[in-house]
Amino acid sequence: MADRVDGRPAAPTESTIRDWDDADPSGQTYRRVLFIDSDLTEVENRGGVFEECTFRGVRFNASTHTDAAFVNCTFVRCSLFDTTFTRCKFVGSFFDDCTYSLMKVSGGDWSFTGLPGADLKGTEFTGVKLREADLTGVRAPKAVLRDLDLSGAFLQKADFTGADLRGSDLSTLDPVTVALKDTRIDVTQAMVVAAALGLDVRP
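Residues numbered from 1 in each chain as written. Predicted model: local features only at pLDDT ≥ 70, side-chain atom pairs only at ≥ 80, totals over all residues. Heavy atoms only, no water.

1. What about a nonpolar patch on the surface?
(1) Moving on: On the surface, Val 176, Val 187, Met 191, Leu 197, Leu 199 and Val 201 cluster together into a nonpolar patch covering about 590 Å² of accessible area.
(2) Moving on: Following the sequence through the fold, Leu 197 ends up in the segment after helix 1 (187-196). (Patch = residues over 30% accessible without salt bridge, like charges linked within 9 Å, V, L, I, M, F, W, Y side chains within 5 Å. Areas by Shrake-Rupley, 256 points an atom, 1.4 Å probe, with all protein chains shown as cover. Salt bridge = Lys/Arg side-chain N within 4 Å of Asp/Glu carboxyl O. Helix = DSSP H or I, 4+ residues; strand = E, 2+ residues; numbered from the N terminus.)

2. Brief notes about the sheet that holds strand 10 (residues 69-71)
(1) Moving on: Taken in spatial order, the three strands make up an open sheet running 4-7-10, and their pairing is parallel. Where the open sheet ends on each side, the last strands, each with one partner, are strand 4 (29-31) and strand 10. Going from strand to strand, the sheet's axes swing by 5° on average, the running direction of each strand aside.
(2) Moving on: By the bridge criterion, three bridges tie strand 4 to strand 7 (residues 49-51) in an arrangement that is parallel. The residue of strand 7 that forms the bridge with Arg 31 is Glu 51. (Pairing = 2+ DSSP bridges. Axes fitted to C-alpha atoms, helices over the stretch in contact; angles between N-to-C directions.)

3. Section: the domain arrangement of the protein chain
(1) Moving on: Taken domain by domain, the protein chain holds domain 1 (15-102) and domain 2 (110-202).
(2) Moving on: Computed from C-alpha coordinates alone, the two centres of domain 1 and domain 2 are separated by 26 Å.
(3) Moving on: Domain 1 puts 10 residues into the contact, and the matching count from domain 2 is 12 residues.
(4) Moving on: For the pair domain 1 and domain 2, the summed buried surface comes to about 870 Å²; carbon and sulfur atoms form 66% of the total. (Domains from an automatic or database assignment. Contact = heavy atoms within 4.5 Å. Buried area = accessible area lost by both parts, 1.4 Å probe.)

4. Concerning the packing of aromatic side chains
The geometry of an aromatic ring pair is captured by the separation of the ring centres together with the interplanar angle, meaning the angle of the planes.
(1) Moving on: All told, the structure shown has 22 aromatic pairs when counted by the stated rule.
(2) Moving on: With a centroid separation of 4.5 Å and 5° between ring planes, the pair formed by Phe 75 and Phe 95 is classed as stacked. On the criterion of sequence distance, the pair formed by Phe 75 in strand 11 (residues 74-76) and Phe 95 in strand 13 (residues 94-96) is long-range, its members being 20 residues apart.
(3) Moving on: In this structure Phe 75 comes out as buried when scored by relative accessible area, which is 1%.
(4) Moving on: Judged by centre distance (5.6 Å) and plane angle (80°), the ring pair of Trp 110 and Phe 125 falls under edge-to-face. In this pair, Trp 110 sits in the loop between strand 14 (104-106) and strand 15 (124-126) while Phe 125 sits in strand 15, placing the two residues 15 residues apart along the sequence. (Phe/Tyr/Trp six-rings, centres within 6.5 Å; stacked < 30°, edge-to-face > 60°. Buried < 20%, exposed > 50% of the residue type's maximum accessible area, 1.4 Å probe, protein only.)

5. So, helix 1
(1) Moving on: Residues of helix 1 that are buried: Gln 189, Val 193 and Ala 194. Seen along its axis, helix 1 keeps its buried residues to an arc of 140°; they face one direction. Seen from the open side of helix 1, the exposed residues pointing more than 90 degrees away from its buried face are Val 187 and Thr 188.
(2) Moving on: The N-capping residue of helix 1, defined by a side-chain oxygen 3.2 Å from the backbone nitrogen of Thr 188, is Asp 186. (Arc of directions from axis to C-beta. Polar contact = N/O pair within 3.5 Å; in protein donor to acceptor, adjacent residues only side chain to side chain.)

Here it is in structure tokens:
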């Protein structure tokens with residue numbers, strides 16, 4: 001007999017799902033599920049939980065996810081075009097060769113997330129916790145990356161050309177190894193960058 005969660009049958013565990021058939025992940029919990037070429041286009045996910053799941057070639061286009069969790073998940077060649085994440089949890093998840101055009105992330109915890117080399121051009125991250133996230137080599141020209149907790153994040157060789165970083169923690173940023181042309185920062189951040197360059201900042 002299938003396990004039950006809150007009186008309902010539990011979502012699949014350790015299985016493969018190829019076709020969602022308009023399934024609604026809201027309020028469901030998926031553990032160690034492999035999703036291959038699934039179509040989540042325009043799905044409205046509220047509170048769905050995915051633990052140690054793998055998404056391969058999944059289309060999240062124009063979908064919205066609110067108070068959902070993707071913990072220790074892996075995303076490979078997924079499309080996140082115009083996807084919106086609000087107060088979602090992505091702790092320990094890893095992204096490989098995905099597309100993120102027009103993706104918007106508001107709030108939530110993305111600590112220890114791996115996004116090395118990701119093309120985040122034009123994306124929006126606001127008020128997101130990205131502690132110790134791997135952002136090595138990310139390309140984020142003209143992205144909005146405001147009020148982010150980037151403490152301990154790996155930012156080497158990142159490209160923030162024309163990006164808006166105001167309010168974000170830049171304590172681990174090495175201005176010698178990243179591209180910062182036309183990047184928007186606030187006065188406090190300017191002092192942090194100047195100090196990182198070895199300048200003697202005085203009033």
